[in-house]
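# Descriptive structure summary
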Amino acid sequence: MINNYKGIFFIGDPHIEGTIPGFRKDDYPEVILKKLKWALNYAEEQQLVPICAGDFFNVPRNIPNWLLVKLIGLLDKPLYGIYGNHDCTENSLSENDALSILVSAEKYVLLDQKQLNININKNPVVITGTSWGQKIPDFWKKDSNEIVVMITHHDFKVPGYM
């Protein structure tokens with residue numbers, strides 16, 4: 001990973017899936033992989049840190065092995081992000097959900113478990129996140145000169161809100 005970025009490139013809701021959803025006529029799995037590859041390449045070319053905003057997968061389980069193998073090959077650098085409601089079967093990510101394979105392989109780093117400390121235009125930036133249905137993490141500490149970016153997926157828990 002480069003040390004100084006020019007900005008952040010958010011990849012929102014790729015909804016990667018091994019089958020063709022709805023009435024699409026294209027080869028959806030290959031199309032979405034090409035889009036993800038384009039996004040990662042674009043971010044690298046433009047010196048932007050890519051961040052996934054959740055819903056990496058369209059369904060949490062039953063992702064074909066061939067698709068997981070292609071993703072592991074595509075993610076030559078860890079992709080930082082959070083998980084969304086489509087990434088988990090229960091109320092939080094479990095070892096039975098496909099995204100957990102990428103997390104265990106250190107190909108997808110959850111920002112609600114580990115913050116990302118980088119420089120953007122030589123300014124210190126902390127990127128953290130709150131996955132779907134989770135509380136805002138309390139592990140990060142802000143120095144007075146840091147810019148903090150927190151990403152969320154809908155329905156994150158806010159203190160005092162039911």
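One structure accompanies this document, and this report is about it. Quick caveat, the model's predicted, so the values are computed rather than measured. (Residues numbered from 1 in each chain as written. Predicted model: local features only at pLDDT ≥ 70, side-chain atom pairs only at ≥ 80, totals over all residues. Heavy atoms only, no water.)

### Notes on the sheet that holds strand E8 (residues 147-152)
What links the strands of a sheet is backbone hydrogen bonding, and the strands pair in either a parallel or an antiparallel sense. Ordered in space as E1-E6-E7-E8, the four strands form an open sheet in which the pairing is mixed. The open sheet has two edge strands with one neighbour each: strand E1 (4-5) and E8. Across six bridges, strand E7 (residues 123-130) lies against E8 in parallel orientation. Counterpart to Val-126 in the pairing with E8 is Val-148. (Pairing = 2+ DSSP bridges. Helix = DSSP H or I, 4+ residues; strand = E, 2+ residues; numbered from the N terminus.)

### Some words on the sheet that holds strand E3 (residues 48-52)
Taken together, four strands build an open sheet; the order of strands is E2-E3-E4-E5 and the sheet is parallel. Since the sheet does not close on itself, it has two edges, and those belong to strand E2 (7-11) and strand E5 (108-110), each with one partner. Mean inter-strand twist for the sheet, computed between neighbouring axes without regard to direction, equals 35 degrees. Sheet topology places E2 next to E3; five bridges connect them, and they run parallel. Bridge pairing in E3 places Ile-8 opposite Val-49. Sitting on the sheet, helix H1 (residues 28-45) is in contact with E2, E3 and strand E4 (79-81), with an inclination near 175 degrees to E2. (Axes fitted to C-alpha atoms, helices over the stretch in contact; angles between N-to-C directions. Contact = heavy atoms within 4.5 Å.)

### Some words on the pattern of salt bridges
For the structure on display, the rule yields four salt bridges. A salt bridge links Arg-24 to Asp-26, with the nearest nitrogen and oxygen atoms 2.6 Å apart. The exposure class assigned to Arg-24 is partly exposed, which follows from its relative accessible area of 33%. Note that Glu-44 is salt-bridged to Lys-77, the shortest N-O span being 3.1 Å. On the criterion of sequence distance, the pair formed by Glu-44 in helix H1 and Lys-77 in the loop between helix H2 (65-74) and E4 is long-range, its members being 33 residues apart. (Salt bridge = Lys/Arg side-chain N within 4 Å of Asp/Glu carboxyl O. Buried < 20%, exposed > 50% of the residue type's maximum accessible area, 1.4 Å probe, protein only.)

### Structural notes on the nonpolar core
In terms of nonpolar packing, the biggest core is built from 30 residues, with Phe-56, Phe-57 and Leu-71 touching the most fellow members. Looking at this core, the elements that each hand over two or more residues are E2, H1, E3, H2, helix H3 (98-104) and E5. The element that contributes the greatest number of residues to this core is H1, accounting for seven residues. Filtering out sequence-adjacent residues up to four positions away, Phe-56 remains in contact with Pro-14, His-15, Ile-16, Leu-36, Leu-71, Leu-75, Leu-79, Asp-87, Leu-99, Leu-102 and Tyr-108. In this structure, Tyr-5, Val-109, Ile-118 and Ile-151 belong to the second largest nonpolar core, which totals 13 residues. (Core = buried A, V, L, I, M, F, W, Y, C linked by side-chain atoms within 4.5 Å.)

### Structural notes on the packing of H1 against H2
One can describe the packing of H1 onto H2 by two numbers: an axis separation of 11 Å at closest approach and a directional angle of 10 degrees. As far as their axial angle goes, H2 and H1 are roughly parallel. Note that H1 runs across H2; the crossing there is right-handed. Between H1 and H2, the residues in contact are Pro-29, Glu-30, Leu-33, Leu-36, Lys-37 and Leu-40 and Trp-66, Leu-67, Lys-70, Leu-71 and Leu-74, respectively. Of the residues that constitute the contact of H1 with H2, the class distribution is eight nonpolar, no polar and three charged. (Parallel < 35°, antiparallel > 145°, perpendicular 65-115°, else oblique. Left-handed = near helix turned anticlockwise from the far one by under 90°. Nonpolar A, V, L, I, M, F, W, Y, C, P; charged D, E, K, R; others polar.)

### So, the packing of aromatic side chains
Enumeration according to the criterion identifies five aromatic pairs in this entry. With a centroid separation of 5.0 Å and an interplanar angle of 15 degrees, the aromatic rings of Trp-38 and Tyr-42 are classed as stacked. Taken as a pair, Trp-38 and Tyr-42 lie in helix H1 at a separation of four residues, close to a single helical turn. Note on Tyr-42: relative accessible area 31%, which makes it partly exposed. Aromatic side chains Phe-56 and Phe-57 sit 5.2 Å apart centroid to centroid with 85 degrees between the ring planes, which places their arrangement in the edge-to-face category. Judged by its relative accessible area of 0%, Phe-56 falls in the buried class. Classification of Phe-57 as buried rests on a relative accessible area of 1%. An aromatic cluster of three or more residues is present, and its members are Phe-9, Trp-38 and Tyr-42. (Phe/Tyr/Trp six-rings, centres within 6.5 Å; stacked < 30°, edge-to-face > 60°.)

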